[in-house]
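Listed below, chain by chain, are the residues.
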Amino acid sequence: RKVANAALPLKAVRSRTKPWFNNDDSNNPFQTLLELNIEEAIKNADDDVKNGLIVNGETMAYAIMRGALQEILLDELPSNACDRAQFGKTLTGIKEEKGGEGITCEFSDGSTYGPFDMVIGCDGIKSAVKEYIDTRKVSPDPAMREGSQGGSIYSGIRIQFAVKDGDDGDEVPSCTELKQYFGDGAYGLYGTFGAGADRPPTNCAFLAFLDDDYIGPFKKKAESLDGGDGAIVSSLKKETDDNNDGDVVAENADWSQSMQKADTREKFIERVRKSSVPDLEIGPVVEKADRFFEVGVYFHNPFSLRGWSREVKGSGGRRCVLAGDAAHAMPPFLGQGGNQAVQDAYSLAKAIFEHNANIEMIREDNSEDVKDLGGLLRDYEQKRWFPTTSITVKAIFLGYLETGSEGFLSKFRDVFFFTMGKIGVAKKVFLDAATPKV
């Protein structure tokens, strides 16, 4: 209920593109490819979708800012857990506790915490916990967890964000829509998002565009910049760092990261115009935006040999396990990253609850006919692997399709979206991704 009160009901998704035929008709600034009525689609879907996305007659589809969602989740923690929550910590080591009594975590500020019975890695795309599960070590430089050196794969697509915070007195809409605008080698997204209960909503404009130094995930130019320690970064990635008032910004940094250089707004507008993305709604947000930031789009190869969990040797059977982007980083082109992380958390919590109940059962009657923690974590991974892998593959495809270059690729994209909308495939893909699978 708190999430619903802090968010705006999402009623529709609309996909539009630049006019197919050049003309000077300002009353027809775009061509409509797809219109999806979310509430109607859910209510007319099969029972699995309706049971998962309708609660007490209300459709569970909302748009909310990440910060507002994080606040709600943090406030829901028990007070003793909430008081121990710390931010801005960088994990640099995972070690067994002396005497085999648990796991100790080491951080870049020299602090150590532990012993723990379990370490849950929700530490994002360049996850230190994932690196430990894969290699039994944690590298001091997150760049070592990228590309051929690690688990995260740079897609060659970047996203720039413009955020206009609401002002007191702004009219609060009863619902919201997400509107895509396709161009050549880029596409924009406009939407209004809930920013918390009793707060004015936030207007956002996003622009996904191709990194000129890459063809897909493959490097194109030999004269690229050396990022140190053998890591190669593109000129656009370097530009992102330089645009942050001298502070180096890691890829996929905190979404509150501000980019306020004098030319940031102009560069955003120039990219929109260069790619011919219709800017009737995106443009005003960019012009009035309070902050800008940019991230590269990364994903994980879901076919990992090590899986999502591993026992820490010498810890007395304690384990590390992954959830969210650390387990299955996916491009954002189906809007499912946060949703899947919440589902992971729910499924993992069920596994931990069952493990604790099994321990009590063993204590009470010495029962040995129970699944150990390793088996429960494998069950958790098996339940969540297929839905997250399916979304990852589809999102990768959509990312490259939606940023199709001028000419054949952009025309093919437009025809593809128009056709998939007409025959109902787009609706099916959206609903399949959105329906909880826990």
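Structure: above.
Residues numbered from 1 in each chain as written. Predicted model: local features only at pLDDT ≥ 70, side-chain atom pairs only at ≥ 80, totals over all residues. Heavy atoms only, no water.

Caption draft 1: View of a nonpolar patch on the surface. Together, Phe408, Leu409 and Phe412 make up a nonpolar patch on the protein surface, roughly 340 Å² of accessible area in all. For Phe412, a relative accessible area of 40% translates into the label partly exposed. (Patch = residues over 30% accessible without salt bridge, like charges linked within 9 Å, V, L, I, M, F, W, Y side chains within 5 Å. Areas by Shrake-Rupley, 256 points an atom, 1.4 Å probe, with all protein chains shown as cover. Salt bridge = Lys/Arg side-chain N within 4 Å of Asp/Glu carboxyl O. Buried < 20%, exposed > 50% of the residue type's maximum accessible area, 1.4 Å probe, protein only.)

Caption draft 2: Highlighting the environment of Thr90. Structurally, Thr90 can be placed in the loop between helix 5 (79-82) and strand 6 (91-96). Judged by relative accessible area, Thr90 falls into the partly exposed class, the value being 43%. Once the C-alpha coordinates of Thr90 and Pro142 are considered, the two residues, 52 residues apart in sequence, prove to be 10.0 Å apart. (Helix = DSSP H or I, 4+ residues; strand = E, 2+ residues; numbered from the N terminus.)

Caption draft 3: Region of interest: helix 13 (residues 408-423). With 16 residues, helix 13 extends 22 Å from end C-alpha to end C-alpha; this agrees with the ideal 22 Å at 1.5 Å per step. If you check which residues of helix 13 are buried, you get Ser410, Arg413, Asp414, Phe417 and Met420. Here the buried residues of helix 13 occupy an arc of 140° about the axis, which is enough to place them on one side. Of the residues in helix 13, the exposed ones pointing more than 90 degrees away from the buried face are Phe408, Lys422 and Ile423. Close packing links the buried residues of helix 13 with strand 1 (8-17), strand 2 (31-37), strand 11 (176-182), strand 12 (186-193), helix 12 (373-402) and helix 14 (425-434). Gly424 lies just past helix 13 and shows a positive phi near 90°. (Expected span 1.5 Å × (residues − 1). Arc of directions from axis to C-beta. Contact = heavy atoms within 4.5 Å.)

Caption draft 4: Quick look at the sheet that holds strand 20 (residues 319-322). Within the open sheet, the three strands sit side by side as 9-20-19. Their pairing is mixed. In this open sheet, the two strands that pair with only one neighbour each are strand 9 (118-121) and strand 19 (309-311). Neighbour to neighbour, the strand axes of the sheet diverge by 15° on average, direction disregarded. Here strand 19 runs beside strand 20; their pairing, made up of three bridges, is antiparallel. Of the residues in strand 20, the one forming a bridge with Ser309 is Val321. Its contacts with the sheet put helix 6 (residues 128-135) on strand 9, strand 19 and strand 20, and the angle it makes with strand 20 is roughly 120°. Across the sheet, helix 12 lies against strand 9, strand 19 and strand 20, angled at about 10° from strand 20, the strand it touches most. (Pairing = 2+ DSSP bridges. Axes fitted to C-alpha atoms, helices over the stretch in contact; angles between N-to-C directions.)

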